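Here are the chains, one letter per residue:
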Amino acid sequence: MAEAIHPDHLPESENEPLPEVIAGSAESERSDSIFALQLAELKPSDPFLWLQLGWQDFKRCPRIGLFYGLCFFVMGHALLALFQSAPQYLLALSAGFLLMGPFLCLGLYDASKAMQTHSHRPSLRASLTAWRPTKGTMAIFAGVLLILEMLWGRAALVVFAVSFNTMPDKANLLTMLLDPENIGFVITYCVVGGVFASLIFVTSVISIPMIMDRRVDAVSAGLTSIRACVQNPGVMLIWGALITGIILLAMLPVFLGLFVAGPVIGHATWHAYRHIVPGDPAQKSIPL
């Protein structure tokens, strides 16, 4: 009878796991860890803390902040010009601001990360190239948000078409909106816009800084952002209302307030992400 061979007596080369198995296990463990992240439980005061930290970052690197503030200022006037030529796209064009804002803030996230982790000195040049390491994932995520933007624009046109026989003249648009007879249109328009704005906000509130920081895929980042909103709905509602209110107020004096409000919100969004998502143990960071 052949003697049974104990596994420990096998040649060392046969006991070694295949490289493909090791790589697959590591990739699977990494993927599982993204969905197993324990997100922070938030307090209603946290959004105000994020704004305070964003203001501090703005004061620490004002040149970078003012550059991106200028970009927001230009975006605001571009939005105004588009509205003057196509008033029916009022709500959908506002979504474009929601869509472009988080990507424009990539440089601000990079500056805040540099100041928080001391990984490198914040600079305008570094902030302008912060998108390069994750350009593929960023492009995929931007495509998803762009689809939502296009659906929003189409829905806005449908609401106008159902409510009016012809598109209202831009000179009489404000009068039309204030007419009590059109209250149904105004409510429907705002509800439709609120649904799409909520989808964009919930999906992207911490996704883009997470992609930049952790190099995760777009799906993992989007699902983590949704989880954060589902887990802390009241706090994230406060955060969304604060962002909306500050941006609207900053637009009033011919968009000049965006020079400061835009960068502060960008920096604050980074701190919101780092508060909600636990830090990478491999990174040395300053606790909030």
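Here's a quick rundown of the structure.

How each quantity is defined
- Numbering of residues starts from 1 in every chain and runs along the sequence as written.
- Thresholds applied to this predicted model are a pLDDT of at least 70 for local features of residues and 80 or more for the giving and counting of side-chain atom pairs; totals over whole chains, interfaces and linings are not thresholded and use all residues.
- Side-chain metrics in this entry use all non-hydrogen atoms of the structure; hydrogen atoms and water are not considered.
- To qualify as a helix, a DSSP run of H or I must reach at least 4 residues; to qualify as a strand, a run of E must reach at least 2; elements of each kind are numbered from the N terminus.
- Contact criterion: two residues are considered in contact whenever any of their non-hydrogen atoms come within 4.5 Å of each other.
- Relative accessibility under 20% of the residue-type maximum defines a buried residue, over 50% an exposed one, and the middle range a partly exposed one, all with a 1.4 Å probe and only protein chains included.
- The span one expects for a helix is its residue count, reduced by one, times 1.5 Å.
- Here a polar contact is recorded for every N or O atom pair within 3.5 Å, except that within protein the pair must consist of a potential hydrogen donor and a potential acceptor, and residues adjacent in sequence are included only if both atoms are side-chain atoms.
- Note on aromatic contacts: the rings of Phe and Tyr and the six-membered ring of Trp form a pair at centre separations within 6.5 Å, being stacked when their planes are under 30 degrees apart, edge-to-face when over 60 apart, and tilted otherwise.
- Residues enter a patch when their relative accessible area is above 30% and they make no salt bridge; the linking distance is 9 Å between like charges and 5 Å between nonpolar side chains (Val, Leu, Ile, Met, Phe, Trp, Tyr).
- Here the accessible surface of atoms and residues is derived via Shrake-Rupley with a 1.4 Å probe, and residues count as covered only by protein chains that are part of the display.
- Salt bridges are counted wherever a side-chain nitrogen of Lys or Arg sits within 4 Å of a carboxyl oxygen of Asp or Glu.
- Interaxial angle, 0 to 180 degrees, is taken between N-to-C directions of lines fitted to C-alpha atoms, where a helix line uses only the stretch in contact.
- Any angle from 65 to 115 degrees is called roughly perpendicular, while one under 35 is roughly parallel, one over 145 is roughly antiparallel, and all others are oblique.
- In this classification, the charged set is Asp, Glu, Lys and Arg, the nonpolar set is Ala, Val, Leu, Ile, Met, Phe, Trp, Tyr, Cys and Pro, and all remaining amino acids, among them Gly, are polar.

1. As for the environment of leucine 124
Step number 1: Examined against the element boundaries, leucine 124 turns out to sit in helix H7 (residues 124-128).
Step number 2: Separated by 60 residues in the primary sequence, leucine 124 and isoleucine 64 have C-alpha atoms spaced 5.6 Å apart.
Step number 3: When residues no more than four places from it in sequence are discounted, the contact partners of leucine 124 are Ile64, Phe67 and Tyr68.

2. What about the side chain of threonine 203?
Step number 1: Inspection of the secondary structure puts threonine 203 in helix H10 (residues 183-204).
Step number 2: The buried category is assigned to threonine 203, whose relative accessible area is 16%.
Step number 3: Each residue touching threonine 203, except ones within four places of it in the same chain, is listed here: Phe141, Gly222, Ser225 and Ile226.

3. Some points on helix H12 (residues 218-231)
Step number 1: Compared with the 20 Å implied by 1.5 Å per residue over 14 residues, the 20 Å span of H12 between its first and last C-alpha is a close match.
Step number 2: Burial in H12 covers these residues: Ala218, Ser220, Ala221, Gly222, Thr224, Ser225, Ala228 and Cys229.
Step number 3: Backbone nitrogen of valine 219 and a side-chain oxygen of the N-cap are separated by 3.1 Å at the start of H12; the cap is aspartate 217.

4. So, the packing of aromatic side chains
Step number 1: Applying the stated rule across the entire model yields five aromatic pairs.
Step number 2: Taking the centre distance of 5.7 Å and the plane angle of 25 degrees together, the rings of tryptophan 55 and phenylalanine 58 count as stacked. On the criterion of helical spacing, the pair formed by tryptophan 55 and phenylalanine 58 is a turn pair, its members being three residues apart in helix H3 (residues 46-60).
Step number 3: With relative accessibility at 38%, the residue tryptophan 55 sits in the partly exposed group.
Step number 4: Judged by centre distance (5.2 Å) and plane angle (85 degrees), the ring pair of phenylalanine 67 and tyrosine 68 falls under edge-to-face.
Step number 5: Given the relative accessible area of 30%, phenylalanine 67 is considered partly exposed.

5. Things to note about a nonpolar patch on the surface
Step number 1: A cluster of nonpolar side chains, namely Ile183, Ile187, Val191, Val195 and Leu199, defines an oily patch on the protein surface of about 440 Å² accessible area.
Step number 2: You can call leucine 199 partly exposed: its relative accessible area is 39%.

6. Thoughts on the packing of H3 against helix H13 (residues 233-251)
Step number 1: H13 packs onto H3 with a crossing angle of 45 degrees between their chain directions and a minimal axis gap of 9 Å. Put simply, H3 runs oblique to H13. In contact with Pro47, Phe48, Trp50 and Leu51 of H3, H13 contributes Val235, Ile238, Trp239, Leu242 and Ile246.
Step number 2: Here the residues of the contact of H3 with H13 are counted per class, giving nine nonpolar, no polar and no charged.

7. A look at helix H8 (residues 135-163)
Step number 1: Between its first and last C-alpha, H8 extends 42 Å over 29 residues, near the 42 Å set by a 1.5 Å rise per residue.
Step number 2: Of the residues making up H8, those classed as buried are Met138, Phe141, Leu145, Leu148, Glu149, Trp152, Gly153, Ala155, Ala156, Leu157, Val159 and Phe160.

8. Section: the environment of arginine 121
Step number 1: Tracing the sequence through the fold places arginine 121 in the loop between helix H6 (106-117) and H7.
Step number 2: On the basis of relative accessibility, which here comes to 75%, the residue arginine 121 falls in the exposed class.
Step number 3: Along the chain, arginine 121 and alanine 111 lie ten residues apart, while their C-alpha atoms are 8.0 Å from each other.

9. Observations concerning the pattern of salt bridges
Step number 1: Using the criterion set out here, one finds three salt bridges in the structure.
Step number 2: Among the salt bridges present, the one from aspartate 46 reaches lysine 43, with a minimum N-O distance of 3.6 Å.
Step number 3: Residue arginine 60 is joined to aspartate 57 by a salt bridge in which the shortest nitrogen-to-oxygen separation is 3.9 Å. With arginine 60 and aspartate 57 both in helix H3, this residue pair falls three residues apart, about one helical turn.
Step number 4: What makes aspartate 57 buried here is its relative accessible area of 3%.

10. Regarding unusual backbone geometry
Step number 1: The phi dihedral of arginine 215 is positive, around 60 degrees, even though this residue is not glycine.
Step number 2: Residue placement: arginine 215 occurs in the loop between helix H11 (207-214) and H12.
Step number 3: Despite not being glycine, phenylalanine 255 has its phi angle at roughly 70 degrees, a positive value.
Step number 4: Positionally, phenylalanine 255 belongs in the loop between H13 and helix H14 (258-276).
Step number 5: When its relative accessible area of 9% is taken as the criterion, phenylalanine 255 is described as buried.

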